[in-house]
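Examination of the molecular architecture
Each chain, written out:
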Amino acid sequence: MSIKRLLIETAYRKRGSLKVSNQEIKRFQVAAKEIWNSFDPQPEIPDFVSAVDGSRNRKEFAGYILYAVGAGSVIFRDGKETGEENYLADVDILKPEEYSDARLRILMGILEVKETLRSAEGVSYLFIDGSIIGSVIRPAVFSYEIETEIKEKVEKLFNELSQNFSLTEINSKKFYNRIEKFATGKDFPVAAGYLEYLEYLYSIYLLLQDFSGKIVAISKRSDSRNYALDTVLPDIAVLNYVNLPVGYSEPVNLEIHREKKFKFPQIFEEKLRKFTFKSYFVKLPRGKSVYKIESQIEPEDLFPILKHFAVKGYPYPLKAIHEKVKISKSDMDDIISTLKIRGITGREALGE
């Protein structure tokens with residue numbers, strides 16, 4: 001008997017008994033009604049919009065990984081796609097493997113934020129996939145794992161990096177050879193990751209400093225419980241559980257300076273604490289899902305713009321760039337073939 005058959009039998013026995021929450025649906029409906037506004041205005045055509053997304057993929061070999069990270073943007077003028085596309089990408093090896101997941105997330109984030117900066121000038125709206133607040137306050141293990149002496153040396157390198165900051169590449173990579181002189185073994189990925197994290201935060205700071213009023217961050221998933229609609233489930237789960245009308249939730253102010261549990265590297269504590277955003281959920285016409293918005297734009301002003309772009313209830317510009325920028329397994333196979341890598345994965349004996 002295969003594992004699949006056993007899993008299906010187990011699912012059959014549990015059919016009807018698994019519940020997302022112990023709360024009754026009626027309670028969800030009452031809680032959602034208290035914060036929800038039915039709203040379905042006429043669509044509004046924006047003059048100039050950029051949508052940005054990033055992607056990453058990896059191939060694990062014995063002792064190292066080959067990675068590919070990228071970001072891209074598409075431009076819409078007068079509500080229509082112009083065909084203008086721009087991309088940033090990087091392919092390289094990470095070794096040793098420790099912290100590779102965290103570093104890959106940051107490396108992709110650097111390119112994503114830099115592509116946003118490159119496309120921000122002149123546009124009215126910057127559509128970003130995911131949470132901008134989450135991007136800012138997401139903790140990085142490198143801040144806590146790095147030794148004090150190494151940390152101070154990396155921060156000196158960052159001062160040099162910030163003076164030669166570029167929007168077309170990952171600047172931290174130019175400093176790897178210098179980091180190897182004072183951080184070896186397991187200390188190296190921590191030190192390199194910390195420098196990458198500083199570059200990431202600096203990129204976000206430049207974006208927020210100059211263009212925070214244009215940002216429209218749209219999340220398909222969220223763990224936030226700003227409305228406390230359920231004792232366990234995040235707000236987005238409750239709102240998607242209820243059949244809501246087209247509209248939006250009452251905005252909640254998100255202030256980075258209130259995130260006391262999170263600590264930035266000292267050089268960014270004052271710089272990044274000053275920014276604030278509004279958070280609310282929207283349900284667009286012909287859509288089944290609600291999405292979380294983080295923006296400084298009021299929902300009544302933003303909703304007509306989102307409605308113009310809505311395809312099956314989701315803003316089309318973000319769907320368009322998502323499809324263009326994602327890095328598939330086939331892409332990774334082509335990259336490996338191009339590089340002529342003959343690495344061993346360790347899974348060859350399993351036929352994988």
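A brief report on the enclosed structure follows.

Criteria and thresholds
The residue numbering used here restarts from 1 in each chain and proceeds along that chain's sequence as written. Restriction of local features to residues with pLDDT of at least 70 applies here, the model being predicted, together with a cutoff of 80 or more for giving and counting side-chain atom pairs; totals for whole chains, interfaces and linings are based on all residues. Excluding hydrogens and water, the side-chain figures rest on all heavy atoms present in the structure. Note on classification: 1.4 Å probe, protein chains only; a residue is buried when its accessible area is under 20% of the maximum for its type, exposed when over 50%, partly exposed between these limits. Strands here mean DSSP runs of E at least two residues long; helices mean DSSP runs of H or I at least four residues long; both are numbered from the N terminus. This arc is taken over the directions from the axis of the helix to the C-beta atoms. Residue count minus one, scaled by 1.5 Å, sets the expected span of a helix. Throughout, a residue-residue contact means that at least one pair of heavy atoms, one from each residue, lies within 4.5 Å. To define axes, lines are fitted to C-alpha atoms, for helices over the stretch in contact only, and angles between the resulting N-to-C directions are given on a 0 to 180 degree scale. Every angle not falling under 35 degrees, over 145, or within 65 to 115 is termed oblique; those three ranges are roughly parallel, roughly antiparallel and roughly perpendicular. Crossing handedness: left-handed means the near helix sits turned counterclockwise from the far one by under a right angle, and right-handed means the same turn made clockwise. The nonpolar class holds Ala, Val, Leu, Ile, Met, Phe, Trp, Tyr, Cys and Pro. Asp, Glu, Lys and Arg form the charged class, and all remaining residues, Gly among them, are polar. In this analysis, rings of Phe, Tyr and Trp, with Trp reduced to its six-membered ring, are considered paired at centre separations within 6.5 Å, and the interplanar angle assigns stacked below 30 degrees, edge-to-face beyond 60, and tilted for intermediate values. Should the NZ of a Lys or the CZ of an Arg lie within 6 Å of a ring centre and within 35 degrees of the ring normal, that charge is described as sitting over the ring. Any two strands between which DSSP finds at least two bridges are classified as paired.

If you check which residues of helix H12 (residues 316–325) are buried, you get Pro 317, Leu 318, Ala 320, Ile 321 and Val 325. One side of H12 carries all its buried residues, which in axial view fall inside an arc of 160 degrees.

To continue, consider helix H6 (residues 148–163). Relative to the 22 Å expected for 16 residues at 1.5 Å per residue, H6 spans 23 Å between its end C-alpha atoms, a close match to the ideal helical length. Along H6, the residues classified as buried are Ile 150, Val 154, Leu 157, Phe 158, Leu 161 and Ser 162. Each buried residue of H6 sits inside an arc of 140 degrees when the element is viewed along its axis, so together they form one side. H6 presents Thr 148, Glu 149, Lys 156 and Gln 163 as exposed residues on the side facing more than 90 degrees away from its buried surface. Lining the buried residues of H6 we find helix H7 (176–179), helix H8 (187–211) and helix H10 (266–273).

Looking now at the packing of helix H3 (residues 100–120) against H8. In the contact formed by H3 and H8, the axes pass within 9 Å of each other and the chain directions differ by 25 degrees. Taken as axis vectors, H3 and H8 run roughly parallel relative to one another. Crossing of H3 against H8: the hand is left-handed. Where H3 approaches H8, its residues Arg 103, Ile 106, Leu 107, Gly 109, Ile 110, Val 113, Lys 114, Thr 116, Leu 117 and Ala 120 are matched on the opposing element by Pro 189, Ala 192, Gly 193, Glu 196, Tyr 197, Glu 199, Tyr 200, Ser 203, Ile 204, Leu 206, Leu 207 and Phe 211. Looking at the contact of H3 with H8, its residues break down into 14 nonpolar, four polar and four charged.

Okay, the packing of aromatic side chains next. Counted by the stated rule, this structure contains 14 aromatic pairs. Ring geometry for Phe 39 versus Tyr 248: centroids 5.5 Å apart, planes at 85 degrees, classification edge-to-face. In this pair, Phe 39 is assigned in the loop between strand S1 (36–38) and strand S2 (48–61) and Tyr 248 in strand S7 (residues 247–249), connecting sequence segments 209 residues apart. With centroids separated by 5.1 Å and ring planes inclined at 85 degrees, the aromatic side chains of Phe 165 and Tyr 202 adopt a geometry described as edge-to-face. Of the two residues, Phe 165 is situated in the loop between H6 and H7 and Tyr 202 in helix H8; the sequence distance between them amounts to 37 residues. With respect to burial, Phe 165 and Tyr 202 carry one shared label: buried. Linked through ring pairs, Phe 76, Phe 127, Phe 309 and Tyr 316 together constitute an aromatic cluster. If you follow Arg 77 out to its NZ or CZ, it ends over the ring of Phe 48, 4.0 Å from the centre. Its guanidinium or amino end placed over the ring of Phe 165, Lys 114 lies 4.4 Å from that ring's centre, counting from NZ or CZ.

All right, on to unusual backbone geometry then. One non-glycine residue, Asp 78, lies in positive phi territory at about 50 degrees. Here Asp 78 shows up in the loop between strand S3 (64–77) and strand S4 (80–94). For Asp 78, a relative accessible area of 53% translates into the label exposed. You will see that Lys 340, though not glycine, has its phi angle at about 60 degrees, which is positive.

So, about the pairing of S4. The pairing of S3 with S4 spans 12 bridges and is classified as antiparallel. Bridge assignment links Tyr 67 to a residue of S4, and that residue is Asp 92. With antiparallel pairing between neighbouring strands as the criterion, S3 and S4 make up a hairpin whose turn holds two residues, including Asp 78 at a positive phi of roughly 50 degrees.

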